[in-house]
Amino acid sequence: MSILETIASHLERGEHDEVRALTETALAESIDAATVLDEGLIAGMQVVGEQFRKHEIFLPDVLMAAKAMNAGLEILEPHLSAADIKSQGKIVIGTVKGDLHDIGKNLVGIMLAGAGFDVIDLGKDVPPERFVDAAAESDANVIGMSALLTTTMPSMKTVVDLVKSRGLDGSVRTVIGGAPVTEEYANEIGADGYSFDAANAVECVKRLVEG
Amino acid sequence: MRPKLKFLDQALIERIVSEALDLLATLGLEVQNGNAAALLGDHGAGVDIAKGRVTLPESLVLDAVKKAPSGFELFDVLGNRTHDLSGDNVHFTPGSSGISVLDSETGTMRTPVTGDFVRFTKLTSRLPHIDAASTAFICSDVPEQIQDSYRLFLCLLYGEKPVVTGAFTIESYRLMRDLQIAVRGSADALAMKPLTIFSVCPTAPLKWSDVTAQNLLDCAADSVPVEFISMPLTGFMGPVTLVGSLVQHTAETLSGVVLSQLANPGTPVLYGGSPAAFDMRYETTPMGAVETQMIDCAYSEIGKHLGMPTQAYIGLSDSKALDAQAGLETSMGATLAALAGINSISGPGMLDFESCISCEKLVVDHEICAMAKRMEQGIEPKDDFPARPHFEEMLEEGHLLISDHTRKHLRSEHYFPGPVIERANLSRWREEGSTTLDERARTEVSRHLSEYEPSRLNEDARRELTRLMTTEAARYGMDELPARDGD
Ligand code: B1M
């Protein structure tokens, strides 16, 4: 097994110390940093995503793998060009006004961060303006909203409308989720995306960022 | 002998309680409501404003436990006693606050409207083993600001049973109290004869949100009973082990007991919850998981050890249809809960992780509840000894079909389920149309709805309920409430 394959397999098992050490070894062996990233870390993460979707591994395994990925990235970063380490994108997330359910939103945030997104978490009970202000201030690509109460869902439409009325709809996309939220509701209020769980949210946000 | 299920021995219960007391005294709570924090501070809790945490000395907690009633009663809209929530008495109530209904015609889930709620409430009123009504789901055809209170309004108008409910905001509580006063006549009469139980949910771990804490204080001030709904999620928002989750549940629930008893000593409370064995594959909170149900029964043992009546979200299913999974998860939960003596069992009629309500499921679950209640009565001798005379009679007559003993005990010793449970022989079943459970449930729902009798609540109270609700709806831009059949 090549050293890059070994890195990938340790990452798949969430062994961050090994990933960090082997990443250092790979650099010492003069392997190009971008190659270590692509063929070691990212290759490992792809396997993890696939295994999670098939229920071969569980949520903690994914989070441990993400932690290992970050351990390797820390070593690689000084050796990568700006283009190589470009963040996947920036997303502002929060639970909408009046709603205190943040467990699902937190999980989505953790998975997005694990997948390399810059996540700005506004917490829960977030007023519509704050989503839009925060996105504008931080140059975010995406606003992600969570609602678990049917009574708080209308706040999502307010945010989508605000994004439009402030002329941000060219640069900021919106994605929504939460138990009472559906794809049809996303279409109805003009949100750009809907996701039903955290892995699905990562895919959806990736799609939106890639445009 | 009443059969009794136990998961915990005395030593383990005591250890769990003492670990919970330690959590409350050292790590403490996050209390986001100023009134609640001040109340705790005034009574000797340590309030660390910088850290935003409140610690509860052991003596404060144990004092509150002593003040909490060991039981309480509920009364229907007519003022008749329906519930004695004490000892090991078991009562069932439909699951509450669903997001969708399973459409009877199409079998698919959809957003509910007023007509669905009226139908469900009428059905609940017909089923003798469903002891209370619940504000079972949200009607999408009224403004969001009144969606919580509107459910209580419909329950009080169409049914007579007490109601398990809850407010979604601080503001809603006022109307929800006034609706109850409209039924009882005065705040004092309401305090004397409780009509509802309000769910108040601490946030895991060890947190009281502004809304929930204020709802709790408001209920306590009016002596309206509350059920604490603590929800550790194993391995995520709670330790992965059942014992660890029980420690968290105990600490969160005891903090609620303290708040309620400081606000108004003697406030009726249910030591309740809705924990879940978090599913690490699907990111969900299964109510049908065996570990969820074990935690429920075990915390009920702890609640009883502490001298309080108990509640749980158990006897419901995560399935998306009225299928075998729905039946197995619901009956396992209801059976365990009845054997554990959980006083208020919330769940019948519910599917999809507390998200969906089905009328057809309710009539099936009604049979499960009836059987669980029968089982909970246990096995007792009834004119059985001496045994020889019964056998002499059988030998002489060739059967016992018309013996005095049979006729005296037949209907009380055996529960005879309604037509949703299929017990005919094969040929008769075929002759009667080879029906499936789903078809029989639908027929039963239709029969009950056609035989529904309006609530006997007096006209004045009904008018006042409607006036209060209409006025509130108008504040949010709805001048006329949605049309309802029979009005
Ligand atoms: C950005 O883009 C995205 C993309 C995907 C996104 C996304 C955003 N957000 C979510 N997703 C998606 O990905 C996530 C990961 O897979 C998923 O997130 P989920 O959140 O769905 O999944 C989580 C990982 C696990 N699931 C959860 O965490 C929610 C579980 C249930 C049981 C639940 C919980 C845990 C809680 N609750 Co509440 N709670 C319920 C829930 C029942 C249910 N069926 O969902 C629900 C939502 N609650 C309800 C209620 C009524 C309430 N709750 C309340 C409180 C609580 C707790 C505090 C106890 C706790 C929340 C703790 C917390 N920190 O979040 C109160 C709310 C007060 C308020 N103003 O917010 C209160 C009002 C209680 C009351 N008084 O009656 C009901 C809603 C009713 C309705 N029709 O709207 C409810 C369906 C349960 C019920 N039947 O009563 C996906 O939806």
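Residues numbered from 1 in each chain as written. Chains lettered and ligands numbered in written order. Predicted model: local features only at pLDDT ≥ 70, side-chain atom pairs only at ≥ 80, totals over all residues. Heavy atoms only, no water.

Visitor: Provide a residue-level description of the overall build of chain A, including the pertinent values.
Guide: Of the regular secondary structure elements, chain A holds 9 helices and 5 strands. Overall, chain A shows an N-to-C arrangement of helices and strands of α-α-α-α-β-α-β-α-β-α-β-α-β-α. Taking 17 Å as the expected radius of gyration for a compact globule of 211 residues, we find that chain A reaches 18 Å, a close match to that expectation. Seen through its principal axes, chain A has C-alpha atoms that stretch 55 × 35 × 25 Å. When the 211 residues of chain A are sorted by exposure, 48% land in the buried category. Intrachain contacts of chain A at a sequence separation of at least 6 include 71% that bridge at least 24 residues. Chain A carries 17 positive and 34 negative side-chain charges, and their two centres are separated by 6 Å. (Helix = DSSP H or I, 4+ residues; strand = E, 2+ residues; numbered from the N terminus. Rg over C-alpha atoms; globule rule 2.2 N^0.38 Å. Buried < 20%, exposed > 50% of the residue type's maximum accessible area, 1.4 Å probe, protein only. Contact = heavy atoms within 4.5 Å. Lys, Arg positive; Asp, Glu negative; His and termini not counted. Charge placed at Lys NZ, Arg CZ, Asp CG, Glu CD.)

Visitor: So what about the coordination of the cobalt atom of the ligand? Which residues, and what values?
Guide: From the protein, the cobalt atom of the ligand takes a single donor atom, H101 of chain A (NE2), 2.1 Å away. Summarising the element assignment, H101 of chain A is placed in the loop between strand 1 (90-95) and helix 5 (103-114). (Donors = N, O, S within 2.8 Å, 3.2 Å for Na, K, Ca; no water.)

Visitor: Would you mind going over unusual backbone geometry in detail, with residue names and values included?
Guide: The omega torsion across A204 of chain B and P205 of chain B is -10°, close enough to zero to call that bond cis. Considering the arrangement of structural elements, one finds P205 of chain B in the loop between strand 11 (196-200) and strand 12 (207-208).

Visitor: Provide a residue-level description of the sheet that holds strand 18 (residues 356-357) of chain B, including the pertinent values.
Guide: All names here are of chain B. Taken together, the 4 strands give an open sheet; going across it, the order is 8-7-18-17, and neighbouring strands pair in mixed fashion. With partners counted over all chains shown, the strands left at the sheet margins are strand 8 (109-110) and strand 17 (350-351), one partner each. Note: strand 7 (residues 100-102) against strand 18, 2 bridges, orientation parallel. Within strand 18, the residue paired with S100 across the bridge is C356. (Pairing = 2+ DSSP bridges.)

Visitor: Explain the pattern of salt bridges to me, using residue names and the numbers behind them.
Guide: It is possible for side chains bearing opposite charge to pair when their charged atoms get close. All names here are of chain B. Tallied over the entire structure, the rule returns 42 salt bridges over all chains. Ionic pairing is found between D63 and K66, a salt bridge with its closest N-O pair at 4.0 Å. Here D63 and its partner K66 are both found in helix 3 (residues 58-67), 3 residues apart, which amounts to about one turn of the helix. The partner of D178 in a salt bridge is R177, and the shortest N-O contact between them spans 3.1 Å. (Salt bridge = Lys/Arg side-chain N within 4 Å of Asp/Glu carboxyl O.)

Visitor: Just give me the short version of the interface of chain B and chain A, but keep the residues and values in it.
Guide: Taken together, the contact between chain B and chain A spans 17 residues of the former and 19 residues of the latter. A combined buried area of about 1,600 Å² lies between chain B and chain A, and 71% of that area is made up of carbon and sulfur atoms. Linking chain B with chain A are 0 salt bridges. Viewed at the interface, chain A and chain B are joined by 3 residue pairs in polar contact (both at pLDDT 80 or more). (Buried area = accessible area lost by both parts, 1.4 Å probe. Polar contact = N/O pair within 3.5 Å; in protein donor to acceptor, adjacent residues only side chain to side chain.)

Visitor: Any chance you could break down the site of the ligand for me, citing the residues and the numbers?
Guide: The immediate surroundings of the ligand are formed by 42 residues, with H101 and D102 of chain A together with E283, F353 and E354 of chain B found nearest. A distance of 2.8 Å separates an oxygen atom of the ligand from a polar backbone atom of T150 of chain A. Residue classes in the shell around the ligand are distributed as 21 nonpolar, 16 polar and 5 charged. (Near = heavy atom within 4 Å. Nonpolar A, V, L, I, M, F, W, Y, C, P; charged D, E, K, R; others polar.)

Visitor: Would you mind going over the domain arrangement of chain A in detail, with residue names and values included?
Guide: All names here are of chain A. For chain A, the assigned domains are domain 1 (3-83) and domain 2 (90-210). Listed per partner, the contact involves 7 residues of domain 1 and 6 residues of domain 2. The contact between domain 1 and domain 2 buries some 510 Å² in all, and 76% of this surface belongs to carbon and sulfur atoms. Contact with domain 2 buries area across many residues of domain 1, yet R53, L59 and L63 alone supply 56% of it, more than any other trio. In this structure, the connection of domain 1 to domain 2 is made through 1 salt bridge. Of the charged contacts, one joins E203 and R53 as a salt bridge, the two residues approaching to 2.6 Å between their closest N and O atoms. Summed over the shared surface of domain 1 and domain 2, the result is 1 residue pair in polar contact (both at pLDDT 80 or more). Ranked by residue count, the leading element in the side of domain 1 that touches domain 2 is helix 4 (residues 59-76), at 4 residues. (Domains from an automatic or database assignment.)

Visitor: Outline the side chain of R462 of chain B, listing residues and values.
Guide: Residue and element names in this part refer to chain B. Mapped onto the elements of the fold, R462 is located in helix 17 (residues 459-475). Of the polar contacts made by the side chain of R462, one reaches the backbone oxygen of L157; its length is 3.2 Å. When sequence neighbours within four positions are dropped, the list of residues in contact with R462 reads L157, S455 and L457.

Visitor: Give me the lowdown on the packing of aromatic side chains, citing residues and values where you can.
Guide: Residue and element names in this part refer to chain B. In the structure shown here, the tally under the stated rule is 7 aromatic pairs over all chains. Each ring, one from F120 and one from F137, has its centre 5.9 Å from the other, and the planes form 65°; the classification is edge-to-face. Of the two residues, F120 sits in helix 4 (residues 114-126) while F137 sits in the loop between strand 9 (133-134) and helix 5 (147-158), which places them 17 residues apart along the sequence. As far as burial versus exposure is concerned, F120 and F137 are alike and both buried. Aromatic side chains W208 and F228 sit 6.4 Å apart centroid to centroid with 90° between the ring planes, which places their arrangement in the edge-to-face category. A residue pair is termed long-range when its members are at least 10 positions apart, and W208 in strand 12 and F228 in strand 13 (residues 226-228) qualify at 20 residues. By way of ring pairs, the aromatic residues F117, F120 and F137 are connected into one cluster. (Phe/Tyr/Trp six-rings, centres within 6.5 Å; stacked < 30°, edge-to-face > 60°.)

Visitor: How would you sum up the sheet that holds strand 2 (residues 46-48) of chain B? Please name residues and give values.
Guide: All names here are of chain B. Across the sheet, which stays open at both edges, the 4 strands sit in the order 2-3-1-12 with mixed pairing between neighbours. For this open sheet the edge positions go to strand 2 and strand 12, each flanked by a neighbour on one side alone. Of the pairings in the sheet, the one linking strand 2 to strand 3 (residues 53-55) comprises 3 bridges and is antiparallel in character. Bridged to D48 within strand 3 is R53. Each of strand 1 (29-31), strand 2 and strand 3 touches helix 2 (residues 34-42); the most contacted strand, strand 1, lies at about 130° to it. (Axes fitted to C-alpha atoms, helices over the stretch in contact; angles between N-to-C directions.)

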